[in-house]
Structures are given as structure tokens and as C-alpha cells.
Amino acid sequence: MRKINRRNFLKAAGILSAAVAGSLMTGCGGSDAGTQAAASNLTPYNELTVGTDHTDLTATIKVINHRTDLIQDGTFDGYVAEFQKLYPNITIEYEGITDYAGDMTTRLTSQEWGDVCMIPTTIPLTELGDYFYPMCDLTAIQEDYNFAANRAFDGKVYGITSTGNAQGVIYNKRVFEAAGVTSIPKTPTEFLDALQKVRDYDPSIDPLYTNYAADWTMSAWDAYIGVFRGEQTNGIPFIYLGRSADGIHWDFDRDKIPFVNEQGEPFMPPYAYDPRLVKVEDTYYIIWCQDFYGASIGIAKTRDFQTFTRVENPFVPFNRNAVLFPRKINGMFTLLSRPSDSGHTPFGDIFLSQSPDMEFWGRHRHVMGKSGNWWENLKIGGGAAPIETSEGWLLFYHGVTGTCNGYVYSIGGAILDRDEPSRVLHRCSTFLLTPETDYEERGFVPNVCFPCATLQDAATGRIALYYGCADSYVGLAFTTTDEVVD
């Protein structure tokens, strides 16, 4: 297994909401040293005078975009003619793609994306610099261009918005009411439930139609939701809900999650930390560490992120670092945990337990313990929810060593058998991440890299790993299943 590349870190308490999405055009570049050096020598976009600067250039430029209609009706020929009045020595070639988001995402990985292109909405903001040259500083043009921040990262603009899209849904009120949908859906879950009711009402009706080949038109529903530890001024932690349009910039609820019991009555833990959010079938489960006569595991469930119902504590004290597998295995809910004591535990192995109903747990199995490797020779524990791959369950876990200056937390990786996940198939001998940067080495609890959650793209194998840094920051690192498993 290879080390994971860090990209950026996020200060959990000060993250802002993301900008509105739109279509952009930018110059294409790359992330190697040569292209970065070339980018540093470019004149910023806002300092160029069109028709005056660089009129002596001779070049051929290929432009790729999604407006096949404008290419077919000759509009682009007119654009080129006007451009060449100002720059007669530059030849323009252009290509239109129908399934733009899908095809261009593939082309970007093979470096066949021309010289100027529309930025696909599938490219995360954090990766813009891997493919495109920055045009200028955001502060230089944000007053003159709408949505200038739409494709900007770290203060640099990588594209200018060419159009703004207002997305919506036109629906047949009579059909929806006949299918039992009497109120307008307000969440993605409610929307999908409504479409299913229409399909069940009359299978001959198409519940949803879009005339676009790609699915980006439904991106208005795309967003991220997460659970976060929030420290109060009295030092007592609770769990808060956060939402993000891009997985990087987050808005957090001011109030902690209001847990209730099965009767709908308030049922709050004395404190809660280290939360994990995992979807199994049609239900989202939140797992955390709490006090139940000592350190123990708490669990709640929700389907709408409005009502959060506590379920029975799975184990007696003392236990921590619980994480749920994202699907049932052999018909059983499956949970990893680390039995511990109620202090700053100087020991710990990872165990597996199973339940038919999320209430009664058994079939306890030992998964793995500490090793002779220096970075995990004291204790280990779970981290992010396991990721199912063709090789098995990919688990990011934490390993701890003791030094004369205290504990050091690193991130490791292992592959568990898909059908018998208590069986370890592969385990890394060296860490994937260990504290090396300022924000990992310095903070409320220094020298900590602790895996918390992941986002995965099955089509490309890309993984975004969110990890705790010194109990003060949330870090974000990127890798792929191939890189980690290799």
C-alpha cells in the first residue's frame, strides 16, 4: 500500500458555503513542475487587453465544448471569424461533444482535452489545478463577473462562467395526487419516494424525464451531508449536522442533533464524540462514543435527517471506535469496535460483531491487533466505514505508538474478506499518513492523523479521505483504490 497524498486541510470551525455551479471555459494545463512554472509566467486574465496584447502570436488552438448545436448551425464559425480579425495568425479548431461530462471526465484522465475546454462539473474544485492553468486571482474579477467563484479554488480562478442555469422540475399535479403525492418533495429522499409512488401507481408512466444524455441536470439534488463533533465552551462535545454543496465548504447547524427515543421523547447522551454516518439499505445510522457508566457506543437512525431516533446501545462499557459496514453481510448488520477502558486507553484491538436487527449483537470475532511496526505498536482502532472493492473490504484504521512526548496517531490500511470480514487478507506494513505537517503536529491533541470518513467514486476508483488533524482540524486527502491496494 502506498502513502496517501494530502491536498488541503479544512479548519472545521470556519468553513464557508460553496458557490453556485455553472458552465465554464478555461485554458487547459497540468500539474507537473513544467506546467506549473509555465503558469507562473502567464499574464493574468484581468491584465490582458484583447486585440492589443500578443497579436503577433502564431498558434493552433483546439477548443472542446458541449454546444454541438452552435457548431452545426455555423455559430462557432462566426466566433472564429471575429476572433481572427484580432488574432489572424491563430488557427482555431473546435469539437463538440454530446455526453460532455462523461466523455470529458475520461479524456482528462488520458490528457486528451485540447487547449481550451468547458470545465466538467465532475471535477472537484480541489483538483482544478491538476488539469487547468489559473486565469487570475479571484479578487481581481469577482466584482465584474457573475459566479466568478464558481470554478475557483484557493483564491485562483480557473474558468469564467459562460452561462447560468436555473434548474427545476415541471410535474403533473393530477398524476402525483392520484399516486398519493399530495405535497411537493423537499429533499432528495422525498423526491425519489414520490417518483416510486408514481411508478407503482401506473408502470406505463415514466416518473422522470430529462432530455440530456448525462445526469448533471440532476445536480441540483447533489449535495453532501455529514455528522461532526462540536466542542462546547465548557469542553463537553456533542454531534452536529453539516451540509455542503462540494464536500469541501460546509455549513453547520447551530444546534446539536436532537436525539429522541422510540416514543419521540428527547433522549440526549451526556456527551458524544467520534461520530460516523453510514447508510445501510434505506436507513442512515449515526454511531458515536458516549458515556454509559463509562465509555460506550451510541447509535441512532434517520431516514430524513429530521428525526434522529436512538436505538439500543450495542455493548456494555468499555468500548470505542465503532464503525458500521455499509451493507449487511450474510444477512447481518456488521460492526467493528475496539474494547477499551474509560481512560486514555494504552491498549486496543479491532473486533467484529453482528446483529440481525441492530439491537441484539453477537458472533463476536477478533479482527486484528497491534503489530511490531513502530507506528502501531501500542494499539489500533477503526476509522472510516469500510469500502467494498473487488479485492475485499478496504479499511482505513488508526494505529498508535507511544513516544517520550506522548501518543502519535497514524493511518493504516487493510483488506478484509468480503464474506468473512473478520479475516484479514492484506495489511499495510507502513503507514498511509502520519503526522508531518503543522496542522497534524500542532493542536489541541498534537500528533494525530485519525481517519473519519470517505467519499468514493466507483467508476474511477477515486477516494477522498477526511481525517482528524491534532483534534483541531479536518484534513482532506485524495487517493484511489488502485494506489492504496497496490
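Quick caveat, the model's predicted, so the values are computed rather than measured.

**Student:** Would you take a moment to explain the sheet that holds strand β20 (residues 350-355) for this structure?
**Tutor:** Sheets are built from strands paired through backbone hydrogen bonds, the pairs being either parallel or antiparallel. In spatial order, the strands read β18-β19-β20-β21; together these four strands make up an open sheet with antiparallel pairing. The sheet terminates laterally at β18 (319-324) and β21 (362-368), the two strands that pair on one side only. Ignoring which end each strand starts from, the neighbouring axes of this sheet average 30 degrees apart.

**Student:** Would you mind showing me how to read the pattern of salt bridges here?
**Tutor:** Pairs can form between side chains of opposite charge once their charged atoms are near each other. Counted under the stated rule, the structure contains 17 salt bridges. Close ionic contact of aspartate 137 with lysine 156 constitutes a salt bridge, the shortest N to O distance being 2.6 Å. Taken together, the residues span a long stretch of sequence, with aspartate 137 in strand β6 (residues 136-137) and lysine 156 in strand β8 (residues 156-157) at a distance of 19 residues. By relative accessible area, lysine 156 is classed as partly exposed at 35%. With a shortest N-O distance of 3.0 Å, glutamate 376 and arginine 427 are connected by a salt bridge. Of this pair, glutamate 376 sits in the loop between β21 and β22 (379-381) while arginine 427 sits in strand β26 (residues 424-427), placing them 51 residues apart in sequence.

**Student:** Can you walk me through the nonpolar core in this structure?
**Tutor:** A general tendency of soluble globular proteins is for nonpolar side chains to be buried together. Grouped together as the largest cluster of nonpolar side chains are 17 residues, with contacts concentrated most on Phe325, Leu336, Ile350, Val367, Met368, Leu395 and Tyr397. Residue assignment for this core shows that the elements contributing at least two residues are β20, β21, β24 (392-403) and β25 (406-416). With three residues, β24 is the single largest residue contributor to this core. If you look at the next biggest cluster of nonpolar residues, it comprises 16 residues, including Ile64, Trp113, Ile123 and Tyr131.

**Student:** Explanation requested: the environment of serine 410 in the structure shown.
**Tutor:** Within the secondary structure, serine 410 is located in strand β25. For serine 410, a relative accessible area of 0% translates into the label buried. Along the backbone, serine 410 and proline 435 are 25 residues apart, and their C-alpha atoms lie at a distance of 6.8 Å. Side chain to side chain, serine 410 and threonine 434 meet in a polar contact 2.6 Å long.

**Student:** What is the right way to read the sheet that holds strand β12 (residues 250-252) from this model?
**Tutor:** Judged by pairing direction, the sheet is antiparallel, and its three strands sit side by side in the order β10-β11-β12 without closing on themselves. Of all strands in the sheet, those bounded by a partner on one side alone are β10 (224-231) and β12. Adjacent strand axes in the sheet meet at a mean angle of 35 degrees when their direction is disregarded. As defined by bridge partners, strand β11 (residues 237-244) adjoins β12 across three bridges and the pair is classed as antiparallel. Its bridge partner lying in β12, serine 244 is registered against tryptophan 250.

**Student:** Looking at this structure, I do not really get the pairing of β18. What am I missing?
**Tutor:** Note on strand geometry: in a regular strand, side chains alternate between the two faces of the sheet. The element β18 is largely enclosed, with a buried count of six among its six residues. Two strands pair when backbone bridges link them, and β18 and strand β19 (residues 333-339) are joined in this way by four bridges, in the antiparallel orientation. Paired with leucine 324 across the bridge in β19 is leucine 335.

**Student:** Looking at this structure, I do not really get the packing of aromatic side chains. What am I missing?
**Tutor:** Geometrically, a pair of aromatic rings is defined through the distance of the ring centres and the angle of the planes. Inspection of every chain in the model, using the stated rule, returns 21 aromatic pairs. Judged by centre distance (5.1 Å) and plane angle (70 degrees), the rings of phenylalanine 228 and tryptophan 250 are edge-to-face. Remark: tryptophan 250 occurs in strand β12 and phenylalanine 228 occurs in strand β10; sequence separation between them is 22 residues. Each of the two residues, phenylalanine 228 as well as tryptophan 250, counts as buried. In this structure an aromatic cluster arises from ring pairing among Phe259, Tyr284, Trp288, Phe305 and Phe308. Against the face of phenylalanine 267 rests arginine 310, its NZ or CZ located 4.0 Å from the ring centre.

**Student:** In this structure, what is going on with unusual backbone geometry? I would like to understand it.
**Tutor:** In most cases, non-glycine residues show a negative phi, while peptide bonds are predominantly trans. A cis amide bond links proline 317 to the next residue, phenylalanine 318, at an omega of 5 degrees. Inspection of the secondary structure assignment puts phenylalanine 318 in the loop between β17 (308-311) and β18. In this model, glutamate 281 sits at a positive phi of 60 degrees, which is unusual for a non-glycine residue. With respect to the helices and strands, glutamate 281 occurs in the loop between β14 (272-280) and β15 (283-291). The exposure class assigned to glutamate 281 is exposed, which follows from its relative accessible area of 55%.

**Student:** Any chance you could explain a nonpolar patch on the surface here in plain terms?
**Tutor:** Together, Val169, Tyr171 and Ile184 make up a nonpolar patch on the protein surface, roughly 280 Å² of accessible area in all. Position of tyrosine 171 among the secondary structure elements: in the loop between β9 (160-163) and α7 (173-178).

**Student:** Looking at this structure, how should I read the environment of leucine 277?
**Tutor:** Note on placement: leucine 277 falls in strand β14. For the pair leucine 277 and alanine 385, spaced 108 residues apart in sequence, the C-alpha separation works out to 8.3 Å.

**Student:** Whenever I open this one, helix α8 (residues 188-201) confuses me. Can you help?
**Tutor:** Owing to its 3.6 residues per turn, the α-helix aligns residues three or four sequence positions apart on the same side. For α8, built from 14 residues, the straight-helix expectation of 20 Å at 1.5 Å per residue is met to within 8% by its first-to-last C-alpha distance of 20 Å. Among the residues making up α8, those that are buried are Phe191, Ala194, Leu195 and Val198. The arc that holds every buried residue of α8, seen down its axis, measures 95 degrees, which confines them to one face. The outward face of α8, more than 90 degrees from its buried face, is lined by the exposed residues Leu192 and Asp200. Here the buried face of α8 lies against α7.

**Student:** When you look at the confidence of the model for the chain in this model, what are you seeing that I'm missing?
**Tutor:** As a general rule, the predicted coordinates of low-pLDDT regions are not to be interpreted in detail. Overall, the predicted model of the chain reaches an average pLDDT of 85, with 88% of residues at or above 70. Across residues 5-37, confidence stays below pLDDT 50; counting only partners more than four residues off in sequence or on other chains, it has 111 contacts.

**Student:** So what exactly am I meant to see when it comes to the environment of glycine 294 here?
**Tutor:** Relative to the elements of secondary structure, glycine 294 occurs in the loop between β15 and β16 (295-302). Counting along the chain gives 48 residues from glycine 294 to serine 342, while the straight-line C-alpha distance between them is 5.6 Å. When near neighbours in sequence (up to four residues on either side) are disregarded, glycine 294 contacts Pro317, Phe318 and Ser342.

Cut-offs and rules
Residues numbered from 1 in each chain as written. Predicted model: local features only at pLDDT ≥ 70, side-chain atom pairs only at ≥ 80, totals over all residues. Heavy atoms only, no water. Pairing = 2+ DSSP bridges. Helix = DSSP H or I, 4+ residues; strand = E, 2+ residues; numbered from the N terminus. Axes fitted to C-alpha atoms, helices over the stretch in contact; angles between N-to-C directions. Salt bridge = Lys/Arg side-chain N within 4 Å of Asp/Glu carboxyl O. Buried < 20%, exposed > 50% of the residue type's maximum accessible area, 1.4 Å probe, protein only. Core = buried A, V, L, I, M, F, W, Y, C linked by side-chain atoms within 4.5 Å. Polar contact = N/O pair within 3.5 Å; in protein donor to acceptor, adjacent residues only side chain to side chain. Phe/Tyr/Trp six-rings, centres within 6.5 Å; stacked < 30°, edge-to-face > 60°. Lys NZ or Arg CZ within 6 Å of the ring centre and 35° of its normal. Patch = residues over 30% accessible without salt bridge, like charges linked within 9 Å, V, L, I, M, F, W, Y side chains within 5 Å. Areas by Shrake-Rupley, 256 points an atom, 1.4 Å probe, with all protein chains shown as cover. Expected span 1.5 Å × (residues − 1). Arc of directions from axis to C-beta. Contact = heavy atoms within 4.5 Å. pLDDT = per-residue confidence, 0-100.

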